[in-house]
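# Descriptive structure summary
The primary structure of each chain is shown beneath.
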Amino acid sequence: MTVRTPDPNSGWLSDGELEEVRRRIPLLYVEAVPVRTDGMGQVIEVGVLLRVGSSGTIARTLVSGRVMYGETIRDALFRHLEKDLGPMAFPQLPASPVPFQVAEYFPLPGVSTYYDERQHAVALAYVVPVTGTCEPRQDALELTWMTPAEAASEAVAAEMEGGRGALLRAALASVGRLA
């Protein structure tokens, strides 16, 4: 049996390592709300993903993923936008990656608005305009474009897991589109 030495520069964890880390320390994530804007920079459409949720049901969600060791927040945000929306989405990342909100997910319901049964996680959340063609990839089944009013509705919030409906409404409020 050969013992494999892990790559010290690797940002990836094995499934077992990830499970162990999730039990011990909070992980850092980025979350993005893709939007389309008009010529004045006002949000006119909001993109919401449809994917198989953690409970095995179909749920609406946002672009989301971990920040790898040694990866900048900007690079993680770009990587997850490209992974979920495709390489032709052309996200317009902010010059300074300051989130509209920091969302803290807990594995116990009721501790915060945000819940993730797998782990304690901290997510930096961004509103990111996209100008290209979005073709969902990976585990995303589709991307639905909605008006800000539709995206802020209780019906959409009810289809989102972990409190992401509240995060979506906070994103709309941060860009002045929550009526």
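## A look at the overall build of the chain
- Helix and strand counts for the chain come out as five helices and eight strands.
- Taken from N to C terminus, the helices and strands of the chain fall in the order α-β-β-β-β-α-β-β-β-β-α-α-α.
- In terms of overall dimensions, the chain has C-alpha extents of about 60 × 35 × 30 Å along its principal axes.
- Here the chain holds 179 residues, and 39% of them are scored as buried.
- Considering only residue pairs separated by 6 or more positions, the chain has 66% of its internal contacts joining residues 24 or more positions apart.
- Counting every atom, the chain has about 9,900 Å² of accessible surface; 56% of that belongs to carbon and sulfur.

## A few points about the packing of aromatic side chains
- Applying the stated criterion to the full structure yields one aromatic pair.
- Between Tyr105 and Tyr114, the aromatic rings sit 5.3 Å apart at their centres with planes inclined by 50°, giving tilted as the arrangement. In this pair, the class of Tyr105 matches that of Tyr114, namely buried.

## What to know about the side chain of Arg164
- Inspection of the secondary structure assignment puts Arg164 in helix α5 (residues 164-174).
- Reaching out from Arg164, the side chain makes a polar contact with the side chain of Tyr105 at a distance of 3.5 Å.
- The contact partners of Arg164, leaving out residues within four places of it in the chain, are Glu31, Thr61, Leu62, Ser64 and Tyr105.

## Remarks on the confidence of the model for the chain
- Predicted confidence across the chain gives a mean pLDDT of 89, with 92% of residues reaching 70 or more.
- Predicted confidence for residues 3-7 stays below pLDDT 50, and this span has zero contacts to residues more than four positions away or in other chains.

## Focus on unusual backbone geometry
- In this structure, Phe90 takes a positive phi of about 50° despite not being glycine.
- Mapped onto the secondary structure, Phe90 falls in the loop between α2 (73-85) and β5 (101-106).

## Things to note about the nonpolar core
- Judged by nonpolar contacts, the single largest core of 25 residues is most densely connected at Val33, Val46, Tyr105, Leu167 and Leu168.
- Counting residues per element, the ones that place at least two in this core are β1 (27-37), β2 (43-52), β5, β7 (121-129) and α5.
- If we skip the residues at most four places from it in the chain, Tyr105 touches Glu31, Tyr114, Tyr115, Asp116, Gln119, His120, Ala121, Ala123, Gly162, Arg164 and Leu167.

## Some thoughts on the pattern of salt bridges
- Going through the model one piece at a time under the given rule, you end up with seven salt bridges.
- Close ionic contact of Asp139 with Arg51 constitutes a salt bridge, the shortest N to O distance being 3.3 Å. Of this pair, Asp139 sits in the loop between β7 and β8 (140-146) while Arg51 sits in strand β2; the two residues are 88 residues apart in sequence, bridging distant segments of the chain.
- Its relative accessible area of 43% is what places Asp139 among the partly exposed residues.
- One salt bridge in this structure joins Arg79 and Glu71, with 2.8 Å as the shortest N-O distance.
- Taking relative accessible area as the criterion, Arg79 reaches 21% and is therefore assigned partly exposed.
- Residues participating in the shared-partner salt-bridge network are Arg51, Lys83, Asp84 and Asp139.

## As for α5
- Burial in α5 covers these residues: Arg164, Gly165, Leu167, Leu168, Ala171 and Leu172. The arc that holds the buried residues of α5, viewed along the axis, is 160°, so those residues lie on one side.
- Of the residues flanking the end of α5, it is Gly176, one or two places downstream, whose phi is positive at about 70°.

## Digging into the environment of Arg22
- Relative to the helices and strands, Arg22 is located in helix α1 (residues 15-24).
- Since its relative accessible area comes to 16%, Arg22 is described here as buried.
- The spacing of Arg22 and Gly41 is 19 residues in sequence and 38 Å in space, taken between C-alpha atoms.
- Beyond its immediate sequence surroundings of up to four residues, Arg22 is in contact with Leu27, Tyr29, Arg66, Arg118, Gln119 and His120.

So, how was this worked out
Residues numbered from 1 in each chain as written. Predicted model: local features only at pLDDT ≥ 70, side-chain atom pairs only at ≥ 80, totals over all residues. Heavy atoms only, no water. Helix = DSSP H or I, 4+ residues; strand = E, 2+ residues; numbered from the N terminus. Buried < 20%, exposed > 50% of the residue type's maximum accessible area, 1.4 Å probe, protein only. Contact = heavy atoms within 4.5 Å. Areas by Shrake-Rupley, 256 points an atom, 1.4 Å probe, with all protein chains shown as cover. Phe/Tyr/Trp six-rings, centres within 6.5 Å; stacked < 30°, edge-to-face > 60°. Polar contact = N/O pair within 3.5 Å; in protein donor to acceptor, adjacent residues only side chain to side chain. pLDDT = per-residue confidence, 0-100. Core = buried A, V, L, I, M, F, W, Y, C linked by side-chain atoms within 4.5 Å. Salt bridge = Lys/Arg side-chain N within 4 Å of Asp/Glu carboxyl O. Arc of directions from axis to C-beta.

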